[in-house]
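What follows is the residue order along each chain.
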Amino acid sequence: MSVKTRLTLAVASFFLFAFVLLTALSISVFQKTLEKIIEIRQSSLIENTADEIDQKIELRKKTLILLASDLGSATKDENGLQSFLEQHHSLDGLFDNFAIFDLQGKLIANLDRPESRGKVNISTREYFQKAVTQSRVVVSPPLKSAVSGRPIVVICVPVFDIRGHMILILLGTIELTQDSFLADFANAKIGAAGYFYLVTSKGVFVTHPDQSRILKNAADIPDQNKSLDMALGGFEGNMTSTTQAGKDAIFSFKRLKSVDWIVAAVYPSDEAFSPIAEVKSNAMLVSIALLLLLLPLAWLFMYRQLAPLQKLRNKVLNAEATFDLNSPQKKYPRDEIGELAKAFDDAMIKRLSAESALTASENKLRLIADNMSAFIGYIDYSEKYTFVNKQVEKLFGISAKETIGKTVKEVMPPAFYQQNKPFINQVLNGEWTRFERQAQRKGNIEWDRVTYVPDINQNGMVDGFFVLVEDITEFKRVQTELTSSEKRIRTITDNIPALIGYIDADERYQFCNRLYSLIPGINPDAMIGQTMKDVFGDQNYLELKEKIQQALKGETVSFERFTTERGVSKYLQYEYVPDVNLDGSTVGFYTMAIDVTDRKEAELKLQSNEGLLRAIADNIPAFVSFIDKEDRFQFVNRPYESWFNLPIAEIRGRSVLSLLSESAQQLHREHFHIALAGEKTEFELQVSIAGAFNHYRATYAPQLNEAGAVIGVNSLVNDITDAKAIETQLLALARFDTLTGLPNRNQLNERLAEASARSARSKRSMAVMFLDLDRFKSINDTLGHHAGDLVLKEFAYRLKGCIRQTDMVGRLAGDEFVIVLEGLNSQAESEIVGSKIIQAMTAPFNIDGNARIITTSIGIAISSNQHSSGEELLNKADEALYLAKKAGRNIFKSLEL
């Protein structure tokens with residue numbers, strides 16, 4: 001049998017096997033995907049349903065709390081309480097009935113059945129006892145009403161008088177078979193046969209399509225499905241089990257947040273997965289039809305395509321081992337054999353020429369790679385090293401020459417290989433992979449950041465993968481230190497790969513992040529209070545002095561600098577942002593220095609070999625390009641595809657201006673001409689990529705030829721969005737209270753002075769209110785500081801709701817708050833606000849599910865027609881607050897200045 005016949009049969013057999021395997025795999029993947037989608041849909045449906053029920057129950061709780069607050073504001077006899085309930089028929093859409101009980105459990109008012117007053121006592125009911133003893137809102141389990149005899153759920157709310165004493169219990173009832181939202185829920189369907197039901201965590205049915213189960217315990221129903229037992233035991237999510245009828249179904253369970261109930265859904269499997277069987281049948285029919293059609297055609301096509309190889313066989317077998325590129329040009333017969341022979345000779349010439357060029361390129365690549373600080377390598381599909389730089393010796397103690405041809409398993413220690421094997425499998429499956437690993441080398445623990453980039457050929461197959469191993473041991477050390485660093489601003493700044501500090505007008509450090517510790521000989525804690533000259537020495541200070549003076553004059557300064565400090569050389573990108581006071585004076589400046597050494601080194605290395613440039617540039621988080629003198633892109637890396645939403649092939653050769661927005665065109669023209677003049681230039685711009693606006697820093701550097709003439713411009717665009725965001729956060733954190741979001745003491749003092757000046761100019765009165773929470777220390781002592789924080793946030797929220805938009809409320813410290821009222825016509829206006837605040841605090845505070853009455857005392861200082869400073873008003877308000885405390889708290893006192 002000839003080679004043509006064997007090859008044709010082999011290809012046909014492989015095609016048959018691959019086609020059948022691909023069809024089976026496609027159907028399997030589709031089936032698993034569809035099943036996953038159904039489960040996700042079921043989970044989303046049960047979660048949305050649970051959220052909706054939670055919202056409706058919370059709405060009813062809050063409605064009863066507001067009703068209880070109104071009920072407690074004035075004492076009423078039994079007839080007055082009955083009249084009060086009858087005024088609230090508008091709430092029938094939320095509750096089926098309202099009732100009022102005294103603290104001994106006696107019914108004293110009933111909205112729908114007033115004749116039952118005095119005839120019912122619920123003092124023995126557990127939900128009533130909890131509401132009385134714990135002073136909180138209580139939702140009862142499902143029970144049978146003592147008044148109507150119907151299945152209900154009761155929500156109990158304590159009623160407090162204006163002094164905070166519990167006087168009554170307000171009940172709202174929800175009939176389980178009549179209430180709209182629970183009855184509609186029980187009748188809802190999932191598909192044609194699926195349904196929902198509610199059950200308590202103790203197994204009592206709240207709602208069910210079969211109303212005979214309501215109030216019954218699941219344990220009392222024979223043949224109950226075991227999935228409910230799992231849900232009662234704490235399970236949440238989806239599971240597949242069988243119903244009482246013996247059919248498979250998808251069961252979903254979700255616990256409610258507002259009450260100790262479980263939402264359950266049942267969806268029959270035969271209905272849920274019915275599309276899968278139909279898809280399988282159709283897919284198999286289509287696959288068989290395509291196979292019967294394509295297989296004969298493939299056989300005939302392969303046989304004819306391989307026939308000319310027989311004629312070239314002898315020529316290939318007799319080809320000389322070495323091919324002389326300098327031999328005179330041969331003459332070939334003018335027939336098919338001659339054409340194939342000529343094609344063979346041309347192919348040999350191209351191959352040898354390519355090998356020569358490849359050798360030269362590899363030499364350049366080797367020179368660059370061996371001088372990089374990171375390990376670079378290439379591993380083929382059989383896991384053999386085909387390229388490594390000298391850093392391999394540092395990693396594994398073996399030379400680069402010895403590594404080539406060996407497998408990863410042969411080079412790495414066994415345990416190390418097992419640790420890396422899952423990531424190798426992942427990249428060989430075509431996935432870009434990055435991970436960190438720990439290794440012990442020469443007795444030291446080191447950390448590596450490993451990047452695996454798949455090498456995918458034109459056919460979509462993985463030929464191997466590129467390897468980049470960076471030493472991040474020092475980074476890990478800094479990361480460990482950051483875990484014990486300061487909270488709030490310290491947490492933000494210490495996690496940024498930049499040197500961040502604040503320097504006052506005397507050029508002394510008032511703040512610095514932990515990244516300064518990376519500079520040998522510098523202790524960030526010891527830097528505080530030292531001048532820049534003391535920290536970095538006279539020479540470095542002289543280099544920065546002009547930039548420092550610019551920042552202290554109110555100018556934002558941005559520059560790069562190469563420096564050697566204490567034996568460490570690096571490129572740094574500096575940002576000096578002035579801290580300008582409200583009066584326009586500069587009180588200091590923020591400094592941020594980013595190590596851009598890697599970027600600078602990459603710019604130098606990228607000029608040597610475009611092939612290496614493409615492999616590296618496409619995998620770095622920056623935009624890299626080369627623009628010729630005619631302002632056209634001649635080289636762009638892969639990130640440009642996401643910027644312009646175009647493939648690289650369509651970007652290369654196009655005018656830069658044709659791809660930029662109008663705002664970016666002017667910046668590009670200006671700096672492009674500067675770079676063409678032989679100067680390096682930098683600028684910042686804002687770009688919209690994938691619908692989001694980011695900040696970028698662009699660097700334009702001239703590209704020179706061997707004669708020193710400019711032949712184009714190298715462009716590097718870095719994302720500095722995070723740095724910009726941190727800059728904004730630093731300014732904001734200095735002026736606002738992080739717990740409540742209110743202005744802090746610094747901003748309050750500034751705005752109080754401004755308000756005082758405006759009041760003097762307008763000749764209208766103003767008032768300052770000094771508030772604190774009565775007995776706030778007891779909350780922290782009994783419930784914890786977390787509860788205290790919740791009270792402060794809710795207190796601040798209620799304060800903002802009591803004042804005008806033109807007024808201001810701020811937090812001084814602890815539980816002390818200040819309100820500034822401007823443009824007053826009389827003293828009564830400030831007292832109205834004081835009364836409004838005290839009334840706003842009568843509603844119980846919800847502290848982790850516990851209702852508690854919180855009161856406040858207020859001191860009010862009112863300016864006279866004579867000008868009074870903000871500080872004087874604040875002191876007078878503090879004095880008035882003392883009088884309010886002395887008078888018994890939960891009141892306000894006013895003093896005129």
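Residues numbered from 1 in each chain as written. Predicted model: local features only at pLDDT ≥ 70, side-chain atom pairs only at ≥ 80, totals over all residues. Heavy atoms only, no water.

**Student:** Looking at this structure, how should I read the overall build of the chain?
**Tutor:** Helix and strand counts for the chain come out as 28 helices and 34 strands. Going through the 897 residues of the chain one by one, you find that 43% of them count as buried. Of all intrachain contacts in the chain linking residues separated by at least 6 positions in sequence, the fraction that spans at least 24 positions is 50%. Carbon and sulfur atoms make up 53% of the accessible area of the chain, which amounts to about 48,000 Å² in all. (Helix = DSSP H or I, 4+ residues; strand = E, 2+ residues; numbered from the N terminus. Buried < 20%, exposed > 50% of the residue type's maximum accessible area, 1.4 Å probe, protein only. Contact = heavy atoms within 4.5 Å. Areas by Shrake-Rupley, 256 points an atom, 1.4 Å probe, with all protein chains shown as cover.)

**Student:** Help me understand a nonpolar patch on the surface, please; the structure alone is not making it clear to me.
**Tutor:** Residues F17, L21 and L25 make up a contiguous nonpolar surface patch of about 310 Å² in total accessible area. Here L25 shows up in helix α1 (residues 3-72). Under the relative-accessibility criterion, L25 is labelled partly exposed at 47%. (Patch = residues over 30% accessible without salt bridge, like charges linked within 9 Å, V, L, I, M, F, W, Y side chains within 5 Å. Salt bridge = Lys/Arg side-chain N within 4 Å of Asp/Glu carboxyl O.)

**Student:** I'm lost on the packing of helix α25 (residues 776-783) against helix α26 (residues 785-800) in this one. Help?
**Tutor:** For any two helices packed against each other, the geometry comes down to the angle between their axes and how far apart the axes lie. Close contact between α25 and α26 brings their axes to 6 Å; oriented N to C, the two are set at 140°. Taken as axis vectors, α25 and α26 run oblique relative to one another. On α26, the residues touching F776, I779, N780 and L783 of α25 are H785, A787, G788, V791 and L792. When the residues that make up the contact of α25 with α26 are grouped by side-chain class, the tally is six nonpolar, three polar and no charged. (Axes fitted to C-alpha atoms, helices over the stretch in contact; angles between N-to-C directions. Parallel < 35°, antiparallel > 145°, perpendicular 65-115°, else oblique. Nonpolar A, V, L, I, M, F, W, Y, C, P; charged D, E, K, R; others polar.)

**Student:** Would you mind going over the packing of aromatic side chains with me for this structure?
**Tutor:** Overall, the coordinates contain 26 aromatic pairs when judged by the stated rule. Measuring from ring centre to ring centre gives 5.5 Å for Y640 and W643, while their planes differ by 10°; the resulting arrangement is stacked. Here Y640 and its partner W643 are both found in helix α20 (residues 640-644), three residues apart, which amounts to about one turn of the helix. W643 matches Y640 in its accessibility class, with the two residues each being buried. An aromatic cluster is present here, built from F623, F633, Y640, W643, F644 and Y696 joined pairwise through their rings. We note K476 situated over the ring of W447; from NZ or CZ to the ring centre the distance is 4.6 Å. The ring centre of F845 lies 3.9 Å from the NZ or CZ of R798, which sits over that ring. (Phe/Tyr/Trp six-rings, centres within 6.5 Å; stacked < 30°, edge-to-face > 60°. Lys NZ or Arg CZ within 6 Å of the ring centre and 35° of its normal.)

**Student:** Any chance you could explain the sheet that holds strand β33 (residues 856-862) here in plain terms?
**Tutor:** With respect to topology, five strands assemble into an open sheet ordered β29-β30-β28-β33-β34, the strand pairing being mixed. With one partner strand each, in any of the chains shown, β29 (808-813) and β34 (892-896) form the two edges of the open sheet. When strand polarity is set aside, the average angle formed by the axes of neighbouring strands in this sheet is 20°. The pairing of strand β28 (residues 765-773) with strand β30 (residues 816-824) spans seven bridges and is classified as antiparallel. Along β30, the bridge assignment pairs A767 with L821. Packing of helix α27 (residues 827-840) onto the sheet brings it into contact with β28, β30, β33 and β34, and relative to β33 it is tilted by some 170°. (Pairing = 2+ DSSP bridges.)

**Student:** Hey, could you run me through the pattern of salt bridges in this one?
**Tutor:** Pairing of side chains with opposite charge becomes possible as their charged atoms draw close. Applying the stated criterion across every chain, the model contains 31 salt bridges. Between E794 and R798 there is a salt bridge, with its nearest N and O atoms 2.8 Å apart. Taken together, the positions of E794 and R798, both in helix α26 and four residues apart, correspond to about one turn of that helix. For R798, a relative accessible area of 13% puts it in the buried group. For D807, the salt bridge goes to R804, with nearest N and O atoms at 2.7 Å. Connected via shared salt-bridge partners are R437, R441, E446 and D448.

**Student:** How do you make sense of the sheet that holds strand β16 (residues 444-456) when you look at a structure like this?
**Tutor:** Paired through backbone hydrogen bonds, the strands of a sheet run either parallel or antiparallel to each other. Taken together, five strands build an open sheet; the order of strands is β14-β13-β17-β16-β15 and the sheet is antiparallel. The two strands at the open ends of the sheet, each matched to only one other strand, are β14 (385-388) and β15 (433-441). Looking at each pair of strands side by side, their axes are set apart by 25° on average, direction ignored. Both strand β13 (residues 375-380) and β14 contribute to a ladder of three bridges, which runs antiparallel.

**Student:** Mind showing me how you'd approach the nonpolar core here?
**Tutor:** One recurring pattern in soluble globular proteins is that nonpolar side chains are buried together. Counting 45 residues, the largest nonpolar core has I100, L198 and L256 as the members making the most contacts within it. Among the elements that line this core, the one with the most residues is α1, at 10 residues. Ranked by size, the runner-up nonpolar core spans 30 residues in total, among them L771, V791, L824 and V833. (Core = buried A, V, L, I, M, F, W, Y, C linked by side-chain atoms within 4.5 Å.)

**Student:** What's the story with the side chain of T740 in this structure? I'm lost.
**Tutor:** Structurally, the position occupied by T740 is in the loop between α23 (721-733) and α24 (745-762). Its relative accessible area of 13% is what places T740 among the buried residues. A polar side-chain atom of T740 sits 2.7 Å from a polar atom in the side chain of D737. A polar atom in the side chain of T740 sits 3.2 Å from the backbone nitrogen of L742. (Polar contact = N/O pair within 3.5 Å; in protein donor to acceptor, adjacent residues only side chain to side chain.)

**Student:** Can you walk me through the side chain of E383 in this structure?
**Tutor:** Looking at the secondary structure, you find E383 in the loop between β13 and β14. In this structure the side chain of E383 is engaged in a polar contact, spanning 2.9 Å, whose partner is the side chain of Y417. Ignoring sequence-local partners within four residues, the contact set of E383 consists of K406, T407, V408, Y417, K421, I424 and L428.

**Student:** Could you clarify how one ought to interpret α26 in this entry?
**Tutor:** Given 3.6 residues to a turn, an α-helix orients residues that are three or four positions apart in the same direction. When the terminal C-alpha atoms of α26 are compared, their 23 Å separation across 16 residues agrees well with the 22 Å that a helix rising 1.5 Å per residue should span. All of the buried residues along α26 are A787, G788, V791, L792, F795, A796, R798 and L799. (Expected span 1.5 Å × (residues − 1).)

**Student:** Sorry, what's going on with the pairing of strand β18 (residues 498-504) here?
**Tutor:** In the case of a regular strand, side chains alternate between the two sheet surfaces. Extensive coverage of β18 is indicated by the burial of seven of its seven residues. Here β18 shows no split at all, with A498, I500, Y502 and D504 on one side and L499, G501 and I503 on the other all buried. Direction of pairing for β18 relative to strand β22 (residues 586-595): antiparallel, over a ladder of seven bridges. Following the sheet pairing, I503 is matched in β22 by F589. Where β18 meets strand β19 (residues 509-512), three bridges bridge the pair, whose relative direction is antiparallel.

**Student:** Would you mind showing me how to read the environment of E39 here?
**Tutor:** Mapping E39 onto the fold places it in helix α1. A residue is classified by how much of its surface remains accessible, and E39, at 34% relative accessible area, is partly exposed. Along the backbone, E39 and S252 are 213 residues apart, and their C-alpha atoms lie at a distance of 9.1 Å.

**Student:** How do you make sense of helix α17 (residues 532-552) when you look at a structure like this?
**Tutor:** With 21 residues, α17 ought to run about 30 Å at 1.5 Å a step, yet its terminal C-alpha atoms sit only 14 Å apart, falling short of that. Roughly 105° is the biggest bend found in α17, and it falls at D538. Along α17, the residues classified as buried are M532, V535, F536, N540, Y541, L544, I548, A551 and L552. Backbone geometry just downstream of α17 places G554 in the positive-phi region, at approximately 100°. (Bend = angle between axes of the 7 residues up to and from the residue.)

**Student:** In this structure, what is going on with the confidence of the model for the chain? I would like to understand it.
**Tutor:** For residues with low pLDDT, the predicted coordinates do not support detailed interpretation. For the chain, per-residue confidence averages 83 on the pLDDT scale, and residues scoring 70 or more make up 86% of the total. Per-element confidence in the chain is highest for β33, whose mean pLDDT is 94, and lowest for helix α8 (residues 309-317), whose mean pLDDT is 55. (pLDDT = per-residue confidence, 0-100.)

**Student:** Quick question: what am I supposed to make of the environment of D618 here?
**Tutor:** Looking at where D618 falls in the secondary structure, it is placed in the loop between α19 (610-617) and β23 (622-628). Spatially, the C-alpha atom of D618 lies 8.8 Å from that of V636, the residues being 18 residues apart in sequence.

**Student:** For this particular structure, what's the right way to read the pairing of strand β6 (residues 166-175)?
**Tutor:** The buried count for β6 comes to nine of 10 residues, which makes it a mostly enclosed element. Two elements, strand β1 (residues 97-101) and β6, share five bridges in a ladder whose sense is antiparallel. Bridge assignment links A99 to a residue of β6, and that residue is L171. Here strand β5 (residues 151-160) hands over to β6 after five residues, with G164 in that stretch at a positive phi of 85°.

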